[in-house]
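# Tertiary structure, described
As a plain string of letters, each chain reads:
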Amino acid sequence: MPFRLLILLLLSFPSLPAWSSTAVPSVPDRAPRTSILAGRAEAFRAYCLTGEGAKAFARIRADLDREYDGFVVPPEPVTYGDPSPSKRTSDMADLWRGQQDVCGRITGVAEAATLCWIVTAEEKYLQRVRTILLATARWTLGPEGKPVDWRSGPVPGAADIYYNDEAHFRLWRKLPWIYDQVRDRLTPSERATILAHFRHRGNRSVAWIKKQGDIEKIRRNSIEGAELSSHPIRFMPMTGLAGLALWDDLPEARSWWEFAYRFYRDQFSPWGGDDGGWGEGSAYWRGTFEHATFQDALLSLGDPLAYASPFWRNSPYFCLYNVQPYLHTIFGDASNAGRFNLEPATADYFEYMARVQQNGHFLSYAALCTDQRTRPIDKGLSGLDRGYPVAAEFLVRNFNVAGRPLPSPRPLADLPPFRHFADVGWVSLHRALGHPADDIQVTFRASPYGSFSHSHADQLGFILNAFGEGLAINSAYREYHNSPHHDQWTRQSRSKNVLLIDGVGQLAKSKKATARITRFETTARTVWTTGDGTAAYQAAQSTKGRVRRVTRDLVFVDQRYVVIRDRVNLGTPGRLSWLLHAEKQLQWDPLRSAALIRGMEGKASLAVRFLAPGNWEGRVTTEFPVPVDPKYTNSTGSAYVTGTWHNHAHLSIDSVEARPEFTLFAVLWPERGSQPAMPEATFDSDGSLVIKRPDGRTDHIRLTDDSLTVR
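In this report, the structure presented in the accompanying data block is examined. This one's a predicted model, so the numbers in the text were calculated from it and none came from an experiment. (Residues numbered from 1 in each chain as written. Predicted model: local features only at pLDDT ≥ 70, side-chain atom pairs only at ≥ 80, totals over all residues. Heavy atoms only, no water.)

To continue, consider the overall build of the chain. For the chain, the helix and strand inventory stands at 20 helices and 21 strands. For 711 residues, the compact-globule estimate of 2.2 N^0.38 gives 27 Å, and the C-alpha radius of gyration of the chain, at 27 Å, lies within 12% of that figure. Dimensions of the chain, computed from the C-alpha atoms along their principal axes, are close to 90 × 55 × 50 Å. Across the 711 residues of the chain, 61% fall into the buried class. (Helix = DSSP H or I, 4+ residues; strand = E, 2+ residues; numbered from the N terminus. Rg over C-alpha atoms; globule rule 2.2 N^0.38 Å. Buried < 20%, exposed > 50% of the residue type's maximum accessible area, 1.4 Å probe, protein only.)

Attention now moves to the sheet that holds strand 17 (residues 659–672). Strand order across the open sheet formed by eight strands is 7-8-9-10-17-14-13-12, with antiparallel pairing between neighbours. Of all strands in the sheet, those bounded by a partner on one side alone are strand 7 (516–522) and strand 12 (585–589). Averaged over all pairs of adjacent strands, the angle between their axes in this sheet comes to 15°, without regard to strand direction. Bridge analysis of strand 7 against strand 8 (residues 526–532) gives six bridges, and the strand direction is antiparallel. What sits directly across from R519, in strand 8, is T530. (Pairing = 2+ DSSP bridges. Axes fitted to C-alpha atoms, helices over the stretch in contact; angles between N-to-C directions.)

Glancing now at the environment of Q541. The topology assignment puts Q541 in the loop between helix 19 (534–538) and strand 9 (547–557). Residues Q541 and G505, 36 residues apart in the sequence, show an inter-C-alpha distance of 8.6 Å. Filtering out sequence-adjacent residues up to four positions away, Q541 remains in contact with I501, V504, R546 and V547. (Contact = heavy atoms within 4.5 Å.)

Right, let's talk about the nonpolar core for a bit. Counting 136 residues, the largest nonpolar core has L133, F198, L246 and L320 as the members making the most contacts within it. At 11 residues, the largest contribution of residues to this core is made by helix 4 (residues 90–120). When sequence neighbours within four positions are dropped, the list of residues in contact with L133 reads L175, I178, Y179, V182, L186, I194 and F198. Of all hydrophobic cores here, the second largest spans 50 residues; its members include V442, F444, V527 and A582. (Core = buried A, V, L, I, M, F, W, Y, C linked by side-chain atoms within 4.5 Å.)

So, about the packing of helix 4 against helix 7 (residues 175–182). Following both chains from N to C, one finds helix 4 and helix 7 inclined at 25°, their axes separated by 10 Å at the closest point. Between helix 4 and helix 7, the angle falls in the class roughly parallel. The interaxial crossing formed by helix 4 with helix 7 has left-handed handedness. On the side of helix 4, the interface is formed by T107, A110, E111, T114, L115, W117 and I118, while helix 7 contributes L175, W177, I178, Q181 and V182. Tallied by class, residues from the contact of helix 4 with helix 7 come to eight nonpolar, three polar and one charged. (Parallel < 35°, antiparallel > 145°, perpendicular 65-115°, else oblique. Left-handed = near helix turned anticlockwise from the far one by under 90°. Nonpolar A, V, L, I, M, F, W, Y, C, P; charged D, E, K, R; others polar.)

For the coordinates displayed, the defined rule picks out 46 aromatic pairs. Each ring, one from F418 and one from F556, has its centre 6.3 Å from the other, and the planes form 80°; the classification is edge-to-face. With F418 in strand 1 (residues 418–421) and F556 in strand 9, this pair connects stretches of sequence that are 138 residues apart. For the pair formed by F418 and F556, the shared burial category is buried. For the pair W616 and F662, a centre-to-centre distance of 6.0 Å together with 70° between the ring planes defines the contact as edge-to-face. Taken together, the residues W616 in strand 15 (residues 616–621) and F662 in strand 17 connect sequence positions 46 residues apart. Take F662: its relative accessible area is 3%, and that puts it in the buried class. Here the aromatic cluster, defined as three or more aromatic residues joined through ring pairs, consists of W257, Y261, F263, Y264, F268, W278, F294, Y307, F311 and W312. Between R88 and the ring centre of W96, over which it is positioned, the NZ or CZ distance is 4.0 Å. (Phe/Tyr/Trp six-rings, centres within 6.5 Å; stacked < 30°, edge-to-face > 60°. Lys NZ or Arg CZ within 6 Å of the ring centre and 35° of its normal.)

Right, let's talk about the pairing of strand 13 (residues 594–598) for a bit. By the criterion of burial, strand 13 is predominantly enclosed, with four of the five residues buried. In textbook terms, the turn of a hairpin is the stretch between consecutive antiparallel strands, and for strand 12 and strand 13 this stretch comprises four residues, one of which, S593, has a positive phi near 50°. Where strand 13 and strand 14 (residues 604–611) come together, five bridges link them in antiparallel fashion. When the bridges of strand 14 are listed, L596 appears paired with A607. Hairpin connection, strand 13 to strand 14: the antiparallel pair is bridged by five residues, and G602 has positive phi, about 75°.

So this is what it looks like as structure tokens:
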């Protein structure tokens with residue numbers, strides 16, 4: 001576009017709208033307003049050259065000079081076919097991710113060069129930023145409300161939000177603030193070129209987010225009333241930050257900022273509430289890293305809303321209570337070969353949040369990280385791809401809170417060992433919180449968030465980790481979203497430690513498949529929690545009203561072992577299946593109605609005694625009914641994937657006779673080492689359980705709908 005036409009285009013923008021001071025009282029008068037604010041460049045230089053940021057900055061600069069000297073912006077990504085996630089094949093997923101890598105690398109280099117220019121004032125870094133801004137400003141965007149026409153074959157435009165929203169995300173979350181830092185060093189012609197593209201891309205981004213995320217109808221801690229979608233909600237921070245960065249440049253920018261500000265003030269988080277839970281699960285809780293960037297901006301601006309809500313105060317605890325330092329399975333999708341752990345990026349985030357919230361428990365949790373992957377703050381530009389946050393982001397974040405002292409560590413043992421995240425229906429139980437090698441961890445889910453988005457049909461499910469490894473697992477690989485294995489196994493109840501009714505579990509991918517925690521009670525010897533999953537099973541049955549009750553009581557006794565009681569009431573007789581999953585070694589002893597699980601590393605084992613009236617048959621299988629994509633099982637792995645892809649072991653204990661009502665009990669005893677210690681369990685004449693424990697003690701447990709006694 002000719003220079004004069006661009007200038008006329010910008011001059012034709014309507015006047016900037018009036019801004020209500022009651023909406024956002026603290027937007028600075030002058031730019032930059034994002035990242036390194038006006039008047040703070042000298043302090044940032046000192047921080048990076050002689051202060052706490054010197055090590056991280058030196059690594060970033062060295063990598064930029066060595067690996068990206070003479071960096072050439074790659075060609076614009078081209079389309080690969082139908083962009084619908086439901087149409088994505090294994091090969092298309094590779095291209096989809098590859099485009100994210102390209103965009104993440106481009107903006108990562110631009111970000112690093114921007115920071116190096118601020119610190120050193122060397123022209124070569126500014127020139128690199130200028131080149132990237134101008135090159136990406138020439139990339140293709142589709143027609144209004146649509147992606148480019150991909151049907152005729154590969155064409156430019158794949159980094160548009162309407163085609164590959166994740167590629168767009170990796171551009172738009174950084175390019176505006178980069179421009180904000182260098183704006184005054186660009187020529188009028190360069191600014192016009194960049195802003196014309198930003199205006200188009202930004203407006204498309206907001207329109208897509210509003211439509212796909214149904215943002216206007218979202219309510220805090222609720223899936224009702226809005227068609228919630230994971231990506232649009234995660235894209236809200238960059239929407240507001242783009243508006244703040246372009247405050248003086250584009251007429252729409254202030255409305256973008258207000259849109260995001262009101263969202264975080266009045267509606268966030270739809271995925272959780274005051275307890276700090278995250279309805280999409282432990283791995284997608286990491287999305288709070290991105291949402292925190294908006295809070296960081298508020299913090300830098302001195303806005304009192306920054307990190308002020310109960311959600312933000314409690315959000316880190318959701319990870320602290322549910323994620324161990326070692327690899328283990330979790331509820332919800334997980335990309336690291338179906339597992340999750342306290343990752344280096346999470347440890348860095350916890351150190352940051354320890355300073356923001358002056359919370360020594362967060363610092364102690366970060367110190368538990370044993371993951372051998374390099375911490376982002378020490379990583380420089382190594383392996384620059386779609387991953388985030390990167391070292392440069394942590395450098396800026398830490399600078400902006402450098403004036404806050406790092407608190408002293410506080411022992412995690414000082415925290416309660418049990419926590420109920422009532423906002424999302426999760427219960428987390430521990431024997432030795434903060435000491436993974438000694439800990440027994442039980443996680444139980446009965447959630448109002450159903451089985452949609454990144455959640456699975458796992459209501460009333462439990463996961464048990466002990467003494468450093470996973471034992472009763474969530475069998476849940478995800479090679480890529482909506483792969484055959486992910487869709488037909490991972491998302492389904494048959495891959496969980498739950499019940500099936502006539503072979504049918506809960507309705508997958510549904511808001512209707514809800515459950516609720518109806519009890520969370522603690523005594524000196526027990527934690528008793530109850531989940532009601534009736535609605536989740538009713539949603540999957542073809543006969544309305546047939547399922548009248550499905551509940552599960554879970555009792556953690558002496559922080560040592562677990563008793564489970566399942567109650568099922570049906571309108572017509574049916575057969576029940578009680579499911580249990582393990583990584584590999586799972587045996588069934590029909591004579592004792594006992595299951596044995598041995599951990600893969602030999603650190604722990606689990607013995608399970610099953611008790612129920614009538615005849616039951618157990619069977620163990622060691623292959624998936626829907627195999628994992630062989631591209632992944634045969635892969636040598638990557639720096640990100642540290643877990644292994646292998647077949648799991650699956651136990652189904654099935655009732656022989658059809659009945660209208662069932663009451664089932666199970667006693668689960670985890671033990672150190674590879675040899676399970678089997679408890680003996682029988683019913684007393686009054687219906688109580690008599691449990692002869694492997695440690696020599698005997699417990700008499702009476703558990704009904706209304707009462708629990710242990711003696």
